[in-house]
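Here is what each chain is made of, one letter per residue.
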Amino acid sequence: MSTESTPDGDPGAGGGAADGLDTAVLAGGVAAAAARAASLAALAERADAHAVAARAASTRAAYAGDWAHFARWCTAAGLQALPAAVDTVRLYLADLEATRTPTGQAVFSPATMGRRLAAIAAAHHDAGHRSPTRDPAVGAVLTGIKRARAHSRHQMRPLLLDDLRTVLGGLGFGTWPAGLIAARDAAALLIGFTGALRRSELAALTVADLRFHPVDGLHVRIARSKTDQTGRGATVVLPYGTRPGTCPPCVVLRWLQLLSIAPQGRPALMRAVLETPPWPDLTHLFTHPDPTTSAAGTSAPAETGATNAAEQASRSWRAPVPALAGDAPLLRAIRRGGTLTDTAMTGDALHAMVRRRAHTAGLPGPVGFHSLRAGFVTTARRAGADHRSVRRQTRHSSDAMIETYDRDHTPLAGNAVTQLGL
């Protein structure tokens, strides 16, 4: 069987067609492959972004600082940081425990050491290495440190409702510029106490996170918290108070009104602040249900066409909320002289404020921002609230932490010793 040759006798001529390769198809295939590669690269970038978002921004920042500290320590010690040996981490923990201030106080708490270990574990996991922190030998060192430090556990004293009234009574309402700061701090104190908020949660609040309810009081939306890394959010309610000075919706509304007046200029803001009466003489800013006679949560906002007398009355329980930009921070920094800024207060600033106000009021310490959250739990438990109702506001996932507050601050709550008939 003979084989036909090409006219010029070159067996390679036309070989592309013979081999089944079409240059047009080849070009299209290359373009499609390039498009697929670009698409995969884009997906990889999105996947990396989602992986980064798996940790909260504050957690990422804390881990970055902790890992940098560990890496510097390893460099100074001549040891390898990544991957780190088990003994390296054990030595690092021992050095952290031995670090003292000039007065002999420990610099690093066991909680900080635990976070350092978490940062080391995260760095190894992200790099594809097994974490040395999982070794029992590392856990044994940290457990031993905790046992050695158990006698010196430092806790904030809870600010009870009577303490809070003492602090609020000493604020300089009706003066300038102290009255402006007083209005802001009163809002921060009452939101933090009645909402059982963490300092980071309060610092992150914006105007849009508030919703005045005609019957419930004030709904506060917590967009994200330490225990809510997925950002599901939660809502806490701040009910109306019998006393104007401790009525959260009135106190918050008073602060919002000052925020709305501020753009009109300094003279207008000064007049509004100076017209505010002293704390004992404060009045409710709008008509609302009496907390002592209305059952919280049993009434809904009145709808059009309601004929019931209570529903008709509820239509008038509307807070005169001023129009403000929703993304504006709720609690803002105030400079010397009463200059109101657009910068949100930080969690550290809120902590310092609570300490300063408590010290000025002559309250015993130690006191900090957590004293408000602890004060809510302690006050509620002493008033007879059960664990479940407390957790509805604190958003604790279990009763374990509430039990801790009971042991430390309300030892008689639910304690059989009260039934001995002594």
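In what follows, the accompanying structure is described. (Residues numbered from 1 in each chain as written. Predicted model: local features only at pLDDT ≥ 70, side-chain atom pairs only at ≥ 80, totals over all residues. Heavy atoms only, no water.)

Here's the deal with empty space enclosed by the protein
Going by this rule: Using a grid of 1 Å spacing that covers the protein atoms alone, one calls a set of points a cavity when a 1.4 Å probe fits there but cannot get out, and a pocket when the set is open and has protein on both sides within 12 Å along at least five of seven lines; lining residues are those with an atom within 4 Å of a point. Grid points are joined across faces, edges and corners, and a volume is the space filled by probe spheres set on the points. In this text, helices come from DSSP runs of H or I with a minimum length of four residues, and strands from runs of E with a minimum of two, each type numbered from the N-terminal end.
Taken as a whole and judged by the stated rule, the model has 1 cavity of 30 Å³ or more. Taken as a whole, the largest cavity spans an internal volume of roughly 50 Å³. As for the largest cavity, its lining consists of Phe 173, Ala 183, Ala 186, Gly 245, Val 251, Arg 254, Trp 255, Trp 279 and Leu 282. For the lining of the largest cavity, the elements supplying multiple residues, two or more each, are helix H8 (178-194) and helix H10 (248-261). When residues in the lining of the largest cavity are grouped by element, the largest group, 3 residues, is from H10.

Side note on helix H11 (residues 266-274)
Using the following cut-off: A 1.4 Å probe rolled over the protein chains alone gives each residue an accessible area, and that area as a share of the maximum for its type sets the label: buried under 20%, exposed over 50%, partly exposed in between. Think of the arc as the fan of directions from the helix axis to the C-beta atoms. It only takes one pair of heavy atoms within 4.5 Å for two residues to be counted as in contact.
Within H11 the residues assigned to the buried category are Ala 268, Leu 269, Ala 272 and Val 273. Considered in projection along H11, the buried side chains sweep an arc of 135° and stay on one side of the axis. Check the buried side of H11 and you find it contacts H8 and H10.

Notes on the sheet that holds strand E3 (residues 234-239)
The criterion, for reference: Each pair of strands is called paired provided DSSP finds at least two bridges between the two strands. Orientation is described by lines fitted to C-alpha atoms, with helices fitted over the stretch in contact, and by angles between N-to-C directions that extend from 0 to 180 degrees.
Within the open sheet, the 3 strands sit side by side as E1-E2-E3. Their pairing is antiparallel. The sheet terminates laterally at strand E1 (210-213) and E3, the two strands that pair on one side only. Looking at each pair of strands side by side, their axes are set apart by 25° on average, direction ignored. By the bridge criterion, 4 bridges tie E1 to strand E2 (residues 217-222) in an arrangement that is antiparallel.

Some points on the side chain of Arg 149
What counts is decided by this rule: Side-chain atoms alone can form a polar contact between residues adjacent in sequence; in general such a contact is a pair of N or O atoms within 3.5 Å, and within protein one must be able to donate a hydrogen while the other accepts it.
Of note, Arg 149 is situated in helix H6 (residues 136-149). At a separation of 2.9 Å, a polar atom in the side chain of Arg 149 contacts the main-chain carbonyl oxygen of Phe 108. Excluding residues that lie within four positions of it along the chain, Arg 149 makes contacts with Glu 97, Arg 100, Ala 106, Phe 108, Ser 109, Pro 110 and Met 113.

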